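One letter stands for each residue in the lines below.
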Amino acid sequence: MKWGKRHISICVCIFIVLLSSLLLPSLLNERVAKDILIWKMDKLEIMALKRDQLIKHTMIQDIADLKFDCGKDDIETLRNLNLYNSQFRVQGIKLANGSGCSSLGPDLDIISRSRMQQSMYKLDNYNIGITSTAQSYGVHGEQVIFANINGNYVYWVLNGAWTYEQLQTPCKDCFYMEYHPKSLQYKALSFSTGNYSILMQPEEQQLSVAREYNGMIYKLYAGQVLMDYTYAKIQSIVYLFIVIVLGLMGFFYAIIFNYQKSLSGLLHTGLKRREFVPFYQPVVDASTDKVVGFEALLRWQHKGDTICPSTFIDYAEKKGIILPITEQLMERVIDDLKNIPDTLWVSINVVPEQIENGSLYKMLAKNRWPYSNRLCFEITERIKVDDFETAAREIAKIKLFGYRFKLDDFGTGYGGFSYIQKLGVDEIKIDKMFVDTIGVDDLKRDVLDSIIAFSKESHMDVIAEGVETKTQLTYLLARGIHLIQGFIYAKPLSFEHLKVWLTEPRRH
């Protein structure tokens, strides 16, 4: 009978997998397309900010170098390849006497002095305005930025192809963008680019997202082309995994079934034998090369082998065994702290359930609130907090005794920003996934830079995890991230090895 149930389970799993391969592309298509659209808008915002900084830097240099006489020096400045970059099509000067010159040489009658009157913002005390070249045959003109320098005007015609090129990834003709000033006073500065045919599709087939930046309203559209692209991608991924899953399911099913059947007993035996121990990975202040603390990482020492938690932690959490395991780990850490220099702290990982159900509070109370200035706790963002109000209240109670809380795996799970705001987290840890983007062409690099910028704006301490190379270390130090955890300094160490490591000079 048992074998019959197992066979039925296998058949049900195969049926679900096959059914999923047919339904998932259709079910996920619109959601994935919307996510890609939002991702694209986020990416455009980041790229636009970088472009804006580059343009402003060029403008300031140009203004400082120009003599405003359209002489040899002015022409050389306008044609300077260091300044005349891909963001500009033409640069030029309109002199107060009515004459002018440009990066192409002669004066170009592409803008009118009478239109360059209204400034929009200040840049290094210069009045900066935005206008556009004249429309032709119903086609929008090009954006022009100008500055009034003592009655003379210097102008920069922006490269309109830049935005179009940004819209060609991850698929060609997938997007259409419109942007216009928020104020009707500048309504002539409306522009559009991309696949205009998207607007010709029925409204229910269109996806859109809007943002506001620097007084401009940006709206990004997508339609059937993006939907076709995402459908094909989802379908190819599903088909690939269906082959892998069906190929491995039979092999792994028996192994997992038998393993889980015995795992509960092994974990309970391990608790009785006190086999769960901390391995310590140092956190180093790279600006001074001094150790500041450690993360206590759970290890299971079973029959002479050291087992990483990835093989049993999910099961332990589901079965409620994680609570006594964490308590045993904490007791070992408390005991080890007696022999760790009192200037160094140790952090322990806890799951949200241990906070929400009050078990962490009870553990600390049971041990009479030990090492409140040296013991801290890491909450992983990968596991969802079910009751923020209860969790925040429990954390506040524990923090009254001096303990600190860190948010681990920041940016990888259920919304780190809300966790920080609602739970009162003191510190964030940048996940290795983002550190690994340093030195390689990876879109998540922008997420890493955003996390760093957020931490600075929030005045929060930051630890970078998984740092393995000198390139990564240099990149992080240059951006003010100096608390480093990773193989570049040390792998997780048993307590005996840790005591030896503390006496050795830092090498990286």
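Before any of the text, the structure's been laid out above.
Residues numbered from 1 in each chain as written. Predicted model: local features only at pLDDT ≥ 70, side-chain atom pairs only at ≥ 80, totals over all residues. Heavy atoms only, no water.

**Things to note about the overall build of the protein**
The condition that has to hold: Segments assigned H or I by DSSP are reported as helices when at least four residues long, segments assigned E as strands when at least two residues long, and all are numbered from the N terminus. Method for areas: the Shrake-Rupley scheme with a 1.4 Å probe, in which residue coverage is limited to the protein chains shown.
Secondary structure summary: the protein contains 14 helices and 20 strands in total. If you sum the accessible surface of the protein, you get close to 26,500 Å²; carbon and sulfur atoms cover 56% of it.

**Re the packing of helix α8 (residues 359-366) against helix α9 (residues 388-399)**
Put simply, the test is: Between N-to-C directions, angles cover 0 to 180 degrees, with each direction set by a line fitted to C-alpha atoms, over the stretch in contact for helices. Relative orientations are named as follows: roughly parallel for angles under 35 degrees, roughly antiparallel for angles over 145 degrees, roughly perpendicular for angles from 65 to 115 degrees, and oblique for any other angle. Left-handed describes a crossing whose near helix is turned anticlockwise from the far helix through less than a right angle; right-handed describes the clockwise counterpart. It only takes one pair of heavy atoms within 4.5 Å for two residues to be counted as in contact.
Where α8 meets α9, the axes come as close as 10 Å, and the angle between the chain directions of the two elements is 20°. Taken together, the axes of α8 and α9 lie roughly parallel to each other. Classified by chirality, the crossing of α9 by α8 is left-handed. Between α8 and α9, the contacting residues are L360, Y361 and L364 on the first element and E394, K397 and I398 on the second.

**A short note on α8**
Defined as follows: Burial status follows relative accessibility: with a 1.4 Å probe on protein chains alone, a residue under 20% of its type maximum counts as buried, one over 50% as exposed, and anything between as partly exposed. Here the arc refers to the set of directions running from the helix axis out to each C-beta atom.
What α8 keeps buried is the set S359, L360, M363 and L364. What you see down the axis of α8 is that its buried residues fit within an arc of 135°, all on one side. Facing away from the buried surface of α8 by more than 90 degrees, the exposed residues are K362 and K366. Looking at the residues trailing α8, positive phi occurs at R368, about 60°.

**Let's talk about the state of the cysteines**
Basically, it comes down to this: Defined by distance alone, a disulfide is two cysteine sulfur atoms within 2.5 Å.
Taken as a whole and assessed by the stated rule, the structure comprises two disulfides. The disulfide bridge from C70 ends at C101, spanning 2.1 Å between sulfur atoms. On the sign convention where negative means left-handed, the S-S torsion of about -85° between C70 and C101 marks this disulfide as left-handed. Of this pair, C70 sits in the loop between α1 (2-65) and α2 (72-78) while C101 sits in strand β2 (residues 100-102); the two residues are 31 residues apart in sequence, bridging distant segments of the chain. Here C171 engages in a disulfide with C174; their sulfurs sit 1.8 Å apart. Between C171 and C174 the disulfide shows an S-S torsion of about -125°. By sign, it is left-handed.

**Points about the sheet that holds strand β10 (residues 207-213)**
Note the threshold: Paired strands, in this sense, are two strands between which DSSP finds at least two bridges.
The antiparallel open sheet is built from four strands, whose spatial order is β9-β8-β11-β10. A single partner strand is all that each edge strand has here, and the edge strands are β9 (191-194) and β10. Strand-to-strand twist across the sheet, computed as the mean angle between neighbouring axes with direction ignored, equals 15°. Of the strand pairs in this sheet, strand β8 (residues 175-181) and strand β11 (residues 216-222) are connected by seven bridges, and their pairing is antiparallel. If you follow Y176 over to β11, its bridge partner there is Y221.

**A few points about the packing of aromatic side chains**
For clarity, the cut-off: Centres within 6.5 Å are what make two rings of Phe, Tyr or Trp a pair, Trp counting through its six-membered ring; a difference in plane orientation under 30 degrees is then read as stacked, over 60 as edge-to-face, and the rest as tilted.
Using the criterion set out here, one finds 15 aromatic pairs in the structure. Summarising the aromatic geometry, the rings of F276 and W300 are spaced 5.3 Å apart at their centres and angled 25° between planes, so their arrangement reads as stacked. Placement of the pair is F276 in strand β12 (residues 276-285) and W300 in strand β13 (residues 290-302), with a sequence separation of 24 residues. W300 carries the same exposure label as F276, and that label is buried.

**Points about the layout of surface pockets**
For the record, the criterion: Site definitions follow a grid-based scheme: protein atoms alone, a 1 Å grid, a 1.4 Å probe that fits but cannot get out for cavities, and for pockets an open set with protein on both sides within 12 Å along at least five of seven lines, plus lining residues having an atom within 4 Å of a point. Grid points are joined across faces, edges and corners, and a volume is the space filled by probe spheres set on the points. Gly is put with the polar residues, along with every residue not named as nonpolar or charged; the nonpolar set is Ala, Val, Leu, Ile, Met, Phe, Trp, Tyr, Cys and Pro, and the charged set is Asp, Glu, Lys and Arg.
Looking at the largest pocket, its volume works out to about 980 Å³. Lining the largest pocket are 35 residues, and of these E295, L297, P309, N349 and D408 sit closest to its centre. Secondary structure elements with two or more residues in the lining of the largest pocket: β13, α5 (313-318), α6 (322-337), β15 (345-350), β16 (375-380) and β17 (404-410). Here the lining of the largest pocket is composed, by residue class, of 14 nonpolar, nine polar and 12 charged.

**Regarding α9**
To keep things clear, this is the line we draw: Expected helix span is computed as 1.5 Å times (number of residues minus one). Nitrogen and oxygen atoms within 3.5 Å of one another constitute a polar contact, given that in protein one can donate a hydrogen and the other can accept it, and given that sequence-neighbouring residues count only through two side-chain atoms.
In a regular helix each residue adds 1.5 Å, so 12 residues correspond to 16 Å; α9 covers 16 Å between its end C-alpha atoms and thus fits that length. Here α9 has its buried residues at T390, A391, E394, I395 and I398. The buried residues of α9 occupy an angular sector of 130° when projected down its axis, which confines them to one face. By the N-cap criterion, in which a side-chain oxygen at the helix start approaches the backbone nitrogen of a residue two or three places on, α9 is capped by D387, the distance to E389 being 3.2 Å.

**Description of the side chain of T380**
Summarising the element assignment, T380 is placed in strand β16. There is a polar contact of 2.5 Å between the side chain of T380 and the side chain of D409. For T380, the contacting residues outside a window of four places in its chain are V350, D408, D409 and Y419.

**Quick notes on the environment of T437**
By the element assignment, T437 lies in the loop between α11 (432-435) and α12 (444-458). Accessibility expressed as a relative area gives 0% for T437, which makes it buried. Measuring from C-alpha to C-alpha, the distance between T437 and L448 comes to 8.2 Å, with 11 residues separating the pair along the chain.

**Some thoughts on a nonpolar patch on the surface**
Operational definition: A patch consists of residues exposed above 30% relative accessible area that lack any salt bridge, with like charges linked at up to 9 Å and nonpolar side chains (Val, Leu, Ile, Met, Phe, Trp, Tyr) linked at up to 5 Å. By definition here, a salt bridge exists when the distance from a side-chain nitrogen of Lys or Arg to a carboxyl oxygen of Asp or Glu is within 4 Å.
A contiguous nonpolar patch, built from F15, I16, L19, L22, L23, L27 and L28 and spanning about 680 Å² of accessible area, is present on the exposed surface. Note on F15: relative accessible area 52%, which makes it exposed.

**Remarks on the pattern of salt bridges**
Counting across every chain of the model gives 25 salt bridges. The partner of K50 in a salt bridge is D446, with the nearest N and O atoms 3.4 Å apart. Residue K50 is located in helix α1, and its partner D446 is located in helix α12; the two are separated by 396 residues in the primary sequence. Residue classification places K50 among the partly exposed positions, given a relative accessible area of 42%. D446 gets classed as buried once you look at its relative accessible area, which sits at 10%. Linked through salt bridges whose partners overlap, the residues forming this network are E295, E378, K429 and E465.

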